[in-house]
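Secondary and tertiary structure notes
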Amino acid sequence: MNKAQPDISQGRPGGALSDSDAGQPGLARAEITFAVNGAAVSVNVPPLRRLSSVLRDELLLTGTKVGCDAGDCGACTVLVDGDPVCACLMPAASAAGASVTTVEGLANGRLSALQASFLAHGAAQCGICTPGLLVAATALLDKKARPSEIEVQDALGGVLCRCTGYRKIVAAVMDASAQAASLDFRLPRSGHAIGSSPIRLDGVPKVTGGEKFGGDSFPADALAVLVIRSPHYHASFAFGDLDGWAKARPGIAGIFTAADIPGKNCFGVIGPFADQPALAEGLARFRGEAVALVAGEREAMLDLDLSDFPIRWTELPHLLQPCEAQAEGAALIHANRPANLLTKGFVERGDPETALADAAVTVTGAIETAYVEHAYIEPEAGHAYMDGDMLVVVACTQAPYMDRDDTAKVLGLPVDKVRIVPTATGGGFGSKLDVSLQPLIGLVAMRTGRPAALAYTRNESMMSTTKRHPAQMQATIGADAEGHVTGMIFSGDFNTGAYASWGPTVANRVPVHASGPYATPNYRAEGRAVHTHGPISGAFRGFGVPQATIMQETLYDELAGKLGIDRLDFRLRNCLRNGSETVTGQLLESGVGIAECLDALRPHWARAVADADAFNSANVDKKRGVGIASCWYGCGNTSLPNPSTIRVGIAASGEIILHQGAVDIGQGSNTVITQICADALGLPLERFRLKNADTAITPDAGKTSASRQTFVTGKAAEKAGRALREKILRFANVSEKASLQLEGPAIVIREGEAVRRVDLGTLEADIHGFVFRAEETYDPPTLPLDAKGQGKPYAVYGYGAQIAELEVDLKLGTVKLVKITAAHDVGKAINPLLVEGQIEGGIAQGIGMALMEEYIPGRTENLHDYLIPTIGDVPPIETILIEVPDPEGPFGAKGLGEHVLIPTAPAILNAIRHATGVLVTRVPATPARIRAAIREKEACR
């Protein structure tokens with residue numbers, strides 16, 4: 001049927017698109033006077049314009065962030081006459097005569113005690129929610145200097161954070177009264193950076209509002225861009241009179257469709273599978289797909305009504321489930337992919353059928369998981385402009401060089417004519433690996449010669465960007481009478497949505513990891529990525545391993561129960577150790593730390609089980625459960641090249657300049673990689689100055705994904721630091737035992753009694769301005785997998801195990817988390833505070849996956865209907881750092897970022913089963929699903 005496009009979400013063009021402004025041409029303006037951070041201001045704006053827009057766009061106070069424009073995330077919190085208010089919900093007219101305080105007004109020339117406490121506790125990771133949290137906490141501390149944890153949770157409950165897991169935020173607020181505003185943040189001395197926890201090198205701008213994210217630096221003359229998107233899962237479309245529509249609306253600079261794209265209208269993160277158009281050509285394959293762009297002057301675009309945009313849609317039948325897409329006779333979503341199968345991964349070792357047939361005990365199960373939204377607080381945002389014949393794109397991203405290559409291909413430009421300048425990135429977790437707005441704003445900038453700016457609304461971000469793959473999995477595991485696993489067969493269909501994205505990575509990584517960190521001599525696993533008309537599924541912290549681990553770890557609990565073996569002991573009996581072979585036949589010679597993780601949990605396990613027994617004997621309607629789960633995760637790409645390059649040099653001024661191209665999305669790579677380089681070089685951290693990712697300046701450090709930056713880029717930084725040190729020592733003609741010291745613009749080299757002073761200003765500088773320079777590349781040694789999935793897919797693995805303690809209300813099905821204890825083997829904790837922050841943040845996301853997060857296309861496209869954990873949902877977390885060095889990693893370090901989420905959901909599901917006697921097999925385990933499982937169990941009695 002034919003129908004006009006409904007009013008579907010458009011981007012925020014060059015500033016916040018106010019619902020109250022939109023569709024009201026010629027809206028009258030008024031002079032509004034109020035005070036901001038102690039200074040009187042006057043603005044001439046429509047009275048109903050959002051206060052957040054006025055602060056950001058008129059007063060350029062971009063410390064106030066916009067994450068949702070609906071009062072759901074709290075990132076825009078400001079104080080109005082001392083009370084916290086969501087600035088996105090407050091009309092500018094309501095601020096008349098009031099006193100407004102933004103994050104920029106908290107410091108008053110030096111950090112407040114609260115800001116200092118946030119830095120000291122590592123409470124700011126990506127930093128996008130930090131201003132809102134600081135402002136809300138300031139209001140609390142103004143009323144009560146020493147609040148309780150409950151009071152902090154109540155005061156900050158309206159501000160969402162996706163990175164930290166909240167625990168360090170709570171600690172920072174409670175400890176703020178003890179922090180001096182002049183807190184000593186001196187960095188560690190030379191040779192002692194590794195293992196210390198200095199504040200983030202990029203931390204101060206995060207707490208003062210100075211950090212610039214994708215939407216914080218739009219040029220004043222930029223054209224605003226809106227995106228027309230499909231309201232249907234599957235539809236053909238045709239445009240009407242675009243020129244006539246545009247001419248009838250003053251301020252419109254142009255409308256752009258696929259016909260305007262000068263290059264190859266196709267992008268994708270994995271070249272051989274690339275299949276997604278930047279703008280669809282006559283056919284939309286998923287709800288939210290971009291089909292056209294409208295560009296114009298900002299004020300005209302704020303008033304623009306797109307409900308009559310000239311496009312006609314013909315809705316077509318759609319397939320949303322893999323079983324539908326693979327049914328006989330199902331229409332093909334891509335003509336070149338039979339049975340709608342994108343690809344599959346496969347690992348086989350030994351004879352699993354015979355092993356299962358001969359096993360003393362076997363268990364079989366099936367688990368289904370949902371779409372999970374990344375829900376970073378910063379929607380995609382950026383601007384583009386022409387610098388001569390160079391296209392410059394300034395935007396949030398996790399992968400600048402990948403963005404450059406795809407943008408150049410789509411726009412028909414040589415790669416050296418595209419420059420990607422990453423802004424601070426307000427969370428990513430995998431979704432900002434794929435290009436989003438980069439080629440769109442690039443197209444407008446190229447075609448018009450004007451800068452072009454776009455910030456996605458929360459609705460279009462959630463509608464159009466990638467999700468965690470929903471999975472439908474089955475597995476059987478067998479063990480002998482002594483409790484040793486003898487065989488396993490795993491099968492999983494992963495809904496990859498309309499386009500490939502990271503589907504091939506998920507399909508290939510899952511079979512390698514589906515055994516868990518356990519010796520499994522006979523094994524077969526297959527992962528299939530299946531196309532549907534659902535949202536595109538991509539990378540999300542674990543690439544399918546969290547889903548597969550739920551399947552494997554819940555079956556491990558069942559096996560232990562059948563064998564009458566303690567659940568922790570069963571895992572210890574089967575875990576990998578030095579000298580073990582993995583399911584891909586890889587010999588793990590050293591660095592295997594899963595046994596140490598499980599051993600470290602023993603006393604916590606015994607205490608938790610005893611506590612649960614005591615609680616359950618005293619309660620009828622509520623029961624306590626304890627669950628455990630383990631994880632392993634290969635760091636970096638699976639059996640593929642994975643290089644990082646680092647450049648470091650010393651300038652004539654004595655500054656050490658580190659070209660650090662690894663995008664820091666909150667995990668701390670700016671600090672950790674510099675710590676590694678500092679100790680490898682043997683000079684103090686305080687002398688380092690970072691040049692962050694920029695494809696025109698910094699070498700390619702690879703994408704921020706797959707838990708690779710500390711390991712891979714860190715190793716490149718270690719090599720570069722050592723190489724630079726060697727060059728200096730050779731110049732001074734001393735041995736490697738010599739020490740280095742910087743004294744102003746001179747370097748002093750000491751060996752025994754001998755001292756040599758080199759005046760750096762007398763040396764010739766190279767093209768980078770360095771008098772000494774080193775550039776090194778590291779690519780992990782891996783081997784391809786053969787037809788049976790045998791080989792060496794990763795050079796380094798990380799390991800971990802977690803205990804979840806919780807209470808279930810048997811009548812309501814609600815879950816109250818009591819505590820999570822997490823032991824993770826990080827090889828070497830380069831920065832222990834940042835490691836703890838990563839663990840807590842990953843656990844929070846695992847809680848969401850286990851208990852509440854379920855993205856439903858068309859229904860949960862905002863942060864009101866899509867639930868993520870709040871500050872009150874994350875229980876106390878006890879972190880145990882295990883350091884089993886891996887000789888391949890820098891100073892023995894392993895990756896961490898993704899590992900920490902993997903065990904959380906299965907540990908929670910196992911704890912729910914321990915409390916109730918039922919396993920929820922459709923995740924998340926919502927109260928309704930828990931109650932349904934309990935009722936089903938009761939009906940079977």
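1. Structural notes on the overall build of the protein
A tally of regular secondary structure across the protein gives 22 helices and 35 strands. The C-alpha atoms of the protein give 28 Å as radius of gyration, which agrees with the globular expectation for 941 residues (30 Å, within 12%). If you line up the protein on its principal axes, its C-alpha atoms span 85 × 80 × 60 Å. Classification of the 941 residues of the protein by burial places 64% in the buried group. Surface summary for the protein: the accessible area is close to 31,100 Å², and the carbon and sulfur share equals 51%. Separation of charge centres in the protein, based on 86 positive and 104 negative side chains, amounts to 2 Å.

2. Side note on the packing of helix 2 (residues 113–121) against helix 5 (residues 167–175)
Contact pair helix 2 / helix 5: the axes reach a minimum separation of 8 Å and the direction vectors enclose 140°. Classed by the angle they form, the pair helix 2 and helix 5 counts as oblique. Crossing angle aside, the handedness with which helix 2 passes helix 5 is right-handed. Of helix 5, the residues touching helix 2 (which contributes Leu-114, Ser-117, Phe-118 and His-121) are Lys-168, Ile-169, Ala-171, Ala-172, Val-173 and Asp-175.

3. Side note on the sheet that holds strand 34 (residues 877–882)
Ordered in space as 24-32-33-34, the four strands form an open sheet in which the pairing is mixed. In this open sheet, the two strands that pair with only one neighbour each are strand 24 (622–634) and strand 34. Pairwise comparison of adjacent strand axes, ignoring direction, gives a mean angle of 15° for this sheet.

4. Some details on helix 2
Each α-helix turn comprises 3.6 residues. Residues three or four places apart therefore point the same way. Within helix 2, seven of the nine residues are buried, which leaves the element mostly enclosed by the surrounding structure. Those residues of helix 2 that are buried lie in contact with helix 3 (130–143), helix 5, helix 6 (203–208) and helix 20 (832–851).

5. Quick look at the pattern of salt bridges
All told, the structure shown has 52 salt bridges when counted by the stated rule. Glu-861 is paired through a salt bridge with Arg-287; the nearest N and O atoms lie 2.8 Å apart. Of this pair, Glu-861 sits in the loop between helix 20 and strand 34 while Arg-287 sits in the loop between strand 10 (283–284) and strand 11 (290–296), and the two are 574 residues apart along the sequence. Notably, a salt bridge pairs Arg-298 with Glu-299, separated by 2.8 Å at the nearest N-O pair. For Arg-298, a relative accessible area of 18% corresponds to the buried category. According to the relative accessible area criterion, Glu-299 is partly exposed, its value standing at 30%. A single network of salt bridges, built from pairs that share partners, joins Arg-29, Arg-49, Asp-57, Arg-298 and Glu-299.

6. Side note on the side chain of Thr-713
Within the secondary structure, Thr-713 sits in helix 19 (residues 709–732). Using a relative accessible area of 0% as the deciding quantity, one classes Thr-713 as buried. Separated by 2.7 Å, the side chains of Thr-713 and Ser-644 make a polar contact. With residues near it in sequence (within four places) discarded, Thr-713 still touches Ser-644, Ile-646, Gln-660, Ala-662, Ile-673, Ala-701 and Arg-708.

7. Quick look at the confidence of the model for the protein
In the predicted model, the protein carries a mean pLDDT of 95, and the fraction of residues at 70 or more is 96%. For the stretch residues 1–9, pLDDT sits under 50, and the model shows 34 contacts to residues farther than four places along the chain or on other chains. Note on residues 15–26: pLDDT under 50 across the span, and 38 contacts to partners over four residues away in sequence or across chains.

8. Looking at the nonpolar core
If you look at the biggest cluster of nonpolar residues, it comprises 157 residues, and the most contacted ones within it are Phe-118, Leu-156, Val-173, Phe-490 and Ile-908. Among the nonpolar cores identified, the runner-up in size contains 45 residues, and Ile-673, Phe-688, Ala-732 and Leu-834 belong to it.

9. What to know about the environment of Val-66
Tracing the chain through its elements places Val-66 in the loop between helix 1 (51–58) and strand 4 (77–80). Taking the C-alpha atoms as reference points, Val-66 and Ala-357, separated by 291 residues in sequence, lie 58 Å from one another.

10. Digging into the environment of Gly-654
As for its placement among the helices and strands, Gly-654 is situated in the loop between strand 25 (644–651) and strand 26 (656–659). Exposure remark for Gly-654: the relative accessible area of 0% places this residue in the buried category. Not counting residues within four places of it along the chain, the set of residues in contact with Gly-654 comprises Arg-687, Leu-742, Gly-744, Pro-745 and Leu-760.

11. Focus: the packing of helix 20 against helix 21 (residues 904–916)
Two numbers describe how helix 20 lies on helix 21: the axes approach to 8 Å, and their chain directions differ by 50°. Considering their axes alone, helix 20 and helix 21 lie oblique with respect to each other. Read as a crossing pair, helix 20 and helix 21 show a hand that is right-handed. Only Thr-904, Ala-905, Ile-908 and Ile-912 of helix 21 make contact with helix 20, whose side of the interface consists of Gly-842, Ile-843, Gly-846, Ile-847, Ala-850 and Leu-851.

12. What about the sheet that holds strand 23 (residues 522–531)?
Strands sit in the order 13-23-22-21-14-35 across an open sheet of six strands; the sheet is mixed. Each of the sheet's edge strands pairs with one partner strand only, and the pair in question is strand 13 (341–349) and strand 35 (922–923). When strand 14 (residues 361–369) meets strand 35, the two strands line up parallel, connected through two bridges. Within the sheet, the bridge partner assigned to Glu-368 lies in strand 35 and is Arg-922. Of the strands in this sheet, strand 14, strand 21 (471–479) and strand 22 (485–497) are in contact with helix 15 (residues 545–563), which crosses strand 14 at around 150°.

13. Brief notes about unusual backbone geometry
With an omega dihedral of 15°, the bond running from Val-923 to Pro-924 counts as a cis peptide bond. Positive phi, normally seen in glycine, also occurs at Ala-375, with a value near 55°. Judged by relative accessible area, which is 0%, Ala-375 ranks as buried.

14. What about the pairing of strand 18 (residues 418–422)?
Across the five residues of strand 18, four count as buried, placing the element largely inside the fold. Where strand 17 (residues 390–395) and strand 18 come together, five bridges link them in parallel fashion. The partner of Ala-395 across the bridge, within strand 18, is Pro-422. Read as a crossover between parallel neighbours, the route from strand 17 over helix 11 (residues 400–411) to strand 18 is right-handed.

15. Section: the packing of aromatic side chains
With the rule as written, the count across this model stands at 13 aromatic pairs. Look at Phe-237 and Trp-313: their rings are 5.2 Å apart centre to centre, the planes differ by 50°, and that puts the pair in the tilted class. You can see Phe-237 sitting in strand 8 (residues 235–239) and its partner Trp-313 sitting in strand 12 (residues 311–315), a full 76 residues away along the chain. Comparing Phe-237 with Trp-313, the two get one shared label, buried. Both rings, one in Phe-711 and one in Tyr-778, keep their centres 5.8 Å apart while their planes meet at 70°; by these two values the pair is edge-to-face.

16. Quick notes on helix 3
Taking 1.5 Å per residue as the helical rise, helix 3 with its 14 residues ought to reach 20 Å, and the 20 Å between its terminal C-alpha atoms agrees with that figure. Across the 14 residues of helix 3, 12 count as buried, placing the element largely inside the fold. The complete set of buried residues in helix 3 reads Thr-130, Pro-131, Gly-132, Leu-133, Leu-134, Val-135, Ala-136, Ala-137, Thr-138, Ala-139, Leu-140 and Leu-141.

17. Comments concerning the environment of Val-225
Residue position: Val-225 is located in strand 7 (residues 223–229). Linking Val-225 and Thr-138, residues 87 residues apart in sequence, is a C-alpha distance of 36 Å.

Quick notes on the rules
Per-chain numbering applies: the sequence of each chain, read as written, is numbered from 1 onward. Where totals are concerned, whole chains, interfaces and linings use all residues; where local detail is concerned, this predicted model gives features only for residues with pLDDT of at least 70, and gives and counts side-chain atom pairs only at 80 or more. Side-chain measures were taken over the full set of non-hydrogen atoms in the model, leaving aside hydrogen atoms and water. Helix and strand labels come from DSSP, where a helix needs a run of H or I of at least four residues and a strand needs a run of E of at least two; each type is numbered from the N terminus. In this treatment the radius of gyration is a C-alpha quantity, and the globule benchmark scales as 2.2 Å times the residue count to the 0.38 power. Working definition: with a 1.4 Å probe on protein chains only, accessible area under 20% of the residue-type maximum means buried, over 50% means exposed, and in between means partly exposed. Each accessible area is a Shrake-Rupley estimate made with a 1.4 Å probe; only the visible protein chains count as cover when residues are assessed. In this charge count, Lys and Arg are treated as positive and Asp and Glu as negative; neither His nor the chain ends contribute. Note on charges: their place is set at NZ of Lys, CZ of Arg, CG of Asp or CD of Glu. Axis definition: a line fitted to C-alpha atoms, over the contacting stretch in the case of helices. Angles run 0 to 180 degrees between N-to-C directions. Any angle that falls under 35 degrees is termed roughly parallel, while one over 145 is termed roughly antiparallel, one within 65 to 115 roughly perpendicular, and all others oblique. Helix crossings get a hand from a simple test, with the near helix turned counterclockwise from the far one by less than a right angle marking a left-handed crossing and a clockwise turn marking a right-handed one. Here a residue-residue contact requires only that any non-hydrogen atoms of the pair lie within 4.5 Å. Only strands joined by at least two bridges in the DSSP assignment are considered to pair. The term salt bridge refers to a side-chain nitrogen of Lys or Arg lying within 4 Å of a carboxyl oxygen of Asp or Glu. Any N or O atom pair separated by 3.5 Å or less is treated as a polar contact, with the protein-specific requirement of one donor-capable and one acceptor-capable atom, and with residues adjacent in sequence counted only for side-chain atom pairs. Known as pLDDT, the predictor's confidence for each residue is given on a scale from 0 to 100. We define the nonpolar core as a collection of buried residues of types Ala, Val, Leu, Ile, Met, Phe, Trp, Tyr and Cys that are connected through side-chain atoms lying within 4.5 Å of one another. Here, the term right-handed applies to a crossover whose path from the first strand over the helix to the second runs clockwise when the strands point away from the viewer. Each Phe, Tyr or Trp ring (for Trp, its six-membered ring) is paired with any other whose centre lies within 6.5 Å, and the angle between the two planes then decides the class: stacked below 30 degrees, edge-to-face above 60, tilted in between. Expected span of a helix: the number of residues minus one, times 1.5 Å.

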